[in-house]
Amino acid sequence: SSSLRANQRTIRAVCSSNMVCMTKDESVHATPIDVKGAERRARERAEMLRDKQTAAAVQAMMIFDRELIKARRDRAAFLQREALQTRRAAPDGLLDELARRLLDRLLDIKRDFKRVVVLGGASEAITRRLLAERNDVETIVVVDLSADMLNFVKSVVGEAPKRRDGASVEVLYVQGDEENLPLKEESVDAVISCLGLHWVNDLPGAMSQAARALVPDGLFLSSIFGGNTLQELRVACALAESEREGGVSCRVSPLAHVRDAGNLLGRANLRLPAVDVDSVVVGYDSPMELVEHLRKMAETNAGLSRRPFLSRHTALAASALYSDMFPASDAQASSTDANARSGVEATYEILYMTGWRAHDSQQAPKSRGSATVSLADLQKHLGAGADASTKAS
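A quick note: this is a predicted structure, and the numbers were derived from the prediction, not measured. (Residues numbered from 1 in each chain as written. Predicted model: local features only at pLDDT ≥ 70, side-chain atom pairs only at ≥ 80, totals over all residues. Heavy atoms only, no water.)

Asks: Just to check I follow, could you spell out the overall build of the protein for this structure?
Replies: Assigned secondary structure in the protein consists of 13 helices and ten strands. Here the protein, with 393 residues, has 48% of them falling under the buried criterion. (Helix = DSSP H or I, 4+ residues; strand = E, 2+ residues; numbered from the N terminus. Buried < 20%, exposed > 50% of the residue type's maximum accessible area, 1.4 Å probe, protein only.)

Asks: I keep staring at the nonpolar core and nothing clicks. Help me out?
Replies: A general trend in soluble globular proteins is that nonpolar side chains are found buried together. Judged by nonpolar contacts, the single largest core of 55 residues is most densely connected at Leu106, Ile126, Leu130, Ile140, Ile192 and Tyr348. Listed in part, the 31 residues of the second largest apolar core include Ile33, Val174, Ala210 and Phe220. (Core = buried A, V, L, I, M, F, W, Y, C linked by side-chain atoms within 4.5 Å.)

Asks: Explain helix H9 (residues 231–245) to me, please; I cannot follow it from the model alone.
Replies: Structural remark: α-helix, 3.6 residues per turn; residues separated by three or four positions point the same way. Its 15 residues place the ends of H9 21 Å apart at the C-alpha level, agreeing with the 21 Å of an ideal helix rising 1.5 Å per residue. Residues of H9 that are buried include every one of Glu232, Leu233, Ala236, Cys237, Ala240 and Glu241, and no others. The arc that holds every buried residue of H9, seen down its axis, measures 145 degrees, which confines them to one face. Tucked inside the fold, the buried residues of H9 contact helix H11 (287–296), helix H12 (312–325) and strand E10 (344–356). Among the residues trailing H9, Gly246 stands out with phi positive, at a value near 75 degrees. (Expected span 1.5 Å × (residues − 1). Arc of directions from axis to C-beta. Contact = heavy atoms within 4.5 Å.)

Asks: Can you help me understand the side chain of Arg72 in this one?
Replies: In this structure, Arg72 sits in helix H4 (residues 66–86). Despite its burial, Arg72 remains without a salt bridge, the nearest opposite charge being carried by Asp65 at 8.2 Å. Discounting chain neighbours no more than four positions away, the residues touching Arg72 are Ala298, Thr300, Asn301 and Ala302. (Lys, Arg positive; Asp, Glu negative; His and termini not counted. Salt bridge = Lys/Arg side-chain N within 4 Å of Asp/Glu carboxyl O.)

Asks: Sorry if this is basic, but what is going on with the confidence of the model for the protein here?
Replies: Note that predicted coordinates carrying low pLDDT should not be read in detail. Overall, the prediction assigns the protein a mean pLDDT of 84, with 86% of residues at 70 or greater. Here residues 1–29 scores under 50 on pLDDT; set against residues more than four positions off or in separate chains, the count is 74 contacts. Across residues 331–341 the pLDDT falls below 50, and counting only partners more than four positions away or on other chains, this stretch makes nine contacts in the model. (pLDDT = per-residue confidence, 0-100.)

Rendered as structure tokens:
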């Protein structure tokens with residue numbers, strides 16, 4: 001019907017590292033989307049960067065190439081679309097499993113989340129699972145840097161998405177930058193990002209923007225790759241480069257550690273912060289298959305300090321070292337050739353972050369000096385009780 005098509009409209013935005021603009025009127029329907037606010041922030045940033053000294057200082061703090069990340073998400077959308085033709089359940093098994101583990105945390109929360117933002121990363125898996133597993137979602141806003149990825153998510157979800165109980169759900173698609181979110185303040189009940197925020201240059205700023213979009217007592221739920229991710233690949237590449245080229249370069253993008261995650265939640269002014277860590281070991285037939293999988297997930301190195309290419313000799317040496325040092329524990333050679341390599345394994349460390357927008361109903365520590373019982377008196381009481389039990393025995 002026309003109403004369902006209206007609900008499924010794609011709100012397209014032209015996005016670069018500094019600019020987000022709307023190409024379709026958003027006033028047709030009240031949404032959490034605020035492109036004008038994103039445009040205003042982009043203009044303010046552009047004005048600030050007109051000063052050469054400021055621009056140089058800002059550029060020095062940049063870690064990732066956002067335009068390259070967008071291009072690689074475009075490529076990942078194509079590869080996942082192809083994979084879906086042969087793997088009907090999910091285009092990527094790892095992304096689907098990590099999305100399941102992230103959304104499992106919602107099962108422990110006894111409340112409804114009617115308006116949800118899905119922010120980058122495994123947006124297809126999160127959106128598909130929200131529709132399949134929840135009965136409370138009414139509006140889903142999918143925000144992604146890549147228009148191709150948005151179109152892929154839309155092709156999977158369909159023109160008339162329904163949640164588990166059969167009710168229709170409004171799904172909006174917004175091409176926008178996580179570093180300049182086109183969202184209204186206090187407009188959504190939850191912001192969920194599965195593997196989307198570790199490619200952001202200003203992670204505290206992006207999380208603060210997400211927090212401002214939450215209603216009071218709204219939920220921020222995110223997972224990112226941790227610093228021990230692909231540790232095997234780091235070691236193999238470092239040894240190969242050192243042996244073949246006499247030096248070492250950054251072959252795996254820098255990632256946050258668990259000690260950083262709690263600080264990030266605090267800097268975003270999120271209450272009741274919780275951080276936990278998970279580790280997933282995945283087996284591959286060869287190191288080259290691992291690299292292809294990273295391309296499919298849009299997780300190849302996008303650091304500004306990366307070397308533009310890897311020589312053939314160094315790549316072959318890295319592959320051989322990887323196979324020798326990190327064989328999969330249960331892998332079998334896929335060939336009868338005695339020289340055939342067995343499979344390899346790769347470690348993915350996942351950091352889960354949970355935080356809430358401030359609200360009066362939340363637990364809070366008592367004010368200093370409000371205690372009615374002295375710890376010294378409590379210690380005397382406990383000590384007296386222990387002495388009495390000793391005498392009785």
